[in-house]
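This is what each chain is made of:
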Amino acid sequence: MIVYAAIIAIQVALVIDVIRRGANRIWIMALVFLPMASTIAYLIVEVLPRMKHNRHVRLAKTQIIEKLDPERELRAAREALDVAQTAANRIRLADALVAKGRYTEALPLYRDAIGAAKPDYRTGEKLARCQYLADRNEEALATLDAMLPPTAPSDADRIALLRARILEDLSRDEEAETIYADLVDRYPGDEVRCRYAGLLLKRGKRAEARRLLTEVEHRLKRMTRHQRASDGPMYDWAMSKLAELRAQSGSGPLSASSSPAR
């Protein structure tokens, strides 16, 4: 009985899909009178090709491949560079190394790709981010200063956020705070709010930090589980700090981690 009901439900779902997608109506007759064979055929002919263009399906496929063969892209990037010693292939291999946390190995590849020319903002940003992650903050700041400026506001904001993180690591907190304050109301997501709140806590500005973390809490309530999961550690940190601020009501020391993770 359950199996029969499931077959009927699949038939109905696929018939609705035929109508909504404007597919050939002959599928409806096939799905009604030849349910098993036509269901398999419809999934292969109509549904699977469509799923290749779905962002969530592509992401899931990438994640599965990464889990089954975590070195796949790294191997492919090395092979591509062996075949052709181009700047693009050097950047690809450097990106693969950065994804594995092997920052010092990636640095010379980015530098070779740039050469003696002034770096464009995309490659310059990658090099500066890699230098920052390798704890070479002075070099990272010099790279940002030397590269060509971005043209799109979203690119400029992303690079400004990287600059603020570098400045904060260099204990140039006032300069970092100025950048965070400029970005906080227009940068997508909550990374800037959380980093700004962390810096404010470090500088003893608890009331301002609490206001920002309360905004994060309100935004978090409207997110899906998938949206929250992508930045789970950051949100866990934010809610933990907000709970401490509420419990202490402005008195007593906070726990050691006053900023979100890198």
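Data block above holds the structure.
So, here's what we can say about the structure. Quantities reported herein were computed from a predicted structural model and do not represent experimental measurements.

Focus: the side chain of Asp173
Topologically, Asp173 is positioned in helix α11 (residues 173–183). According to the relative accessible area criterion, Asp173 is buried, its value standing at 17%. If sequence neighbours within four positions are ignored, Asp173 has contacts with Glu168, Leu199, Lys202 and Arg203.

As for the packing of helix α12 (residues 191–202) against helix α13 (residues 206–221)
As a packed pair, α12 and α13 sit with axes 8 Å apart at the nearest point and diverge in direction by 155°. Accordingly, the angle class assigned to the pair α12 and α13 is roughly antiparallel. By crossing handedness, the relation of α12 to α13 is classed as left-handed. The residues of α13 that touch α12, namely those facing Arg193, Cys194, Tyr196, Ala197, Leu200 and Leu201, are Arg206, Glu208, Ala209, Leu212, Leu213, Glu215, Val216 and Arg219. Looking at the contact of α12 with α13 residue by residue, the class counts come to nine nonpolar, no polar and five charged.

Some details on the pattern of salt bridges
If you walk through the whole model with that rule in mind, you get 23 salt bridges. A salt bridge links Arg111 to Glu139; the nearest nitrogen and oxygen atoms lie 3.2 Å apart. Of this pair, Arg111 sits in helix α7 (residues 103–114) while Glu139 sits in helix α9 (residues 137–146), and the two are 28 residues apart along the sequence. Relative accessible area serves as the criterion here: at 34%, Arg111 is assigned to the partly exposed category. One salt-bridge network, in which partners are shared between bridges, spans Asp190, Arg193, Arg211, Glu215 and Arg219.

Cut-offs applied
- Every residue gets a number counted from 1 within its own chain, in the order that chain's sequence is written.
- Where totals are concerned, whole chains, interfaces and linings use all residues; where local detail is concerned, this predicted model gives features only for residues with pLDDT of at least 70, and gives and counts side-chain atom pairs only at 80 or more.
- Side-chain measures were taken over the full set of non-hydrogen atoms in the model, leaving aside hydrogen atoms and water.
- Helical segments are the DSSP runs of H or I of at least four residues, strand segments are the runs of E of at least two, and each set is numbered from the N terminus.
- Summary of the burial criterion: residues with accessible area below 20% of their type's maximum are buried, those above 50% are exposed, and those between are partly exposed, where the area comes from a 1.4 Å probe applied to protein chains only.
- Only heavy atoms matter for contacts: two residues are in contact if any of them lie within 4.5 Å across the pair.
- Every axis in this analysis is a line fitted to C-alpha atoms, fitted for helices over the stretch in contact. Angles between the N-to-C directions lie between 0 and 180 degrees.
- Reported orientations rely on four angle classes, namely roughly parallel under 35 degrees, roughly antiparallel over 145, roughly perpendicular from 65 to 115, and oblique for the rest.
- By definition, turning the near helix anticlockwise from the far helix through less than a right angle yields a left-handed crossing, and turning it clockwise yields a right-handed one.
- Gly is placed with the polar residues, together with every amino acid not listed as nonpolar (Ala, Val, Leu, Ile, Met, Phe, Trp, Tyr, Cys and Pro) or charged (Asp, Glu, Lys and Arg).
- Here a salt bridge means any side-chain nitrogen of Lys or Arg lying within 4 Å of a carboxyl oxygen belonging to Asp or Glu.

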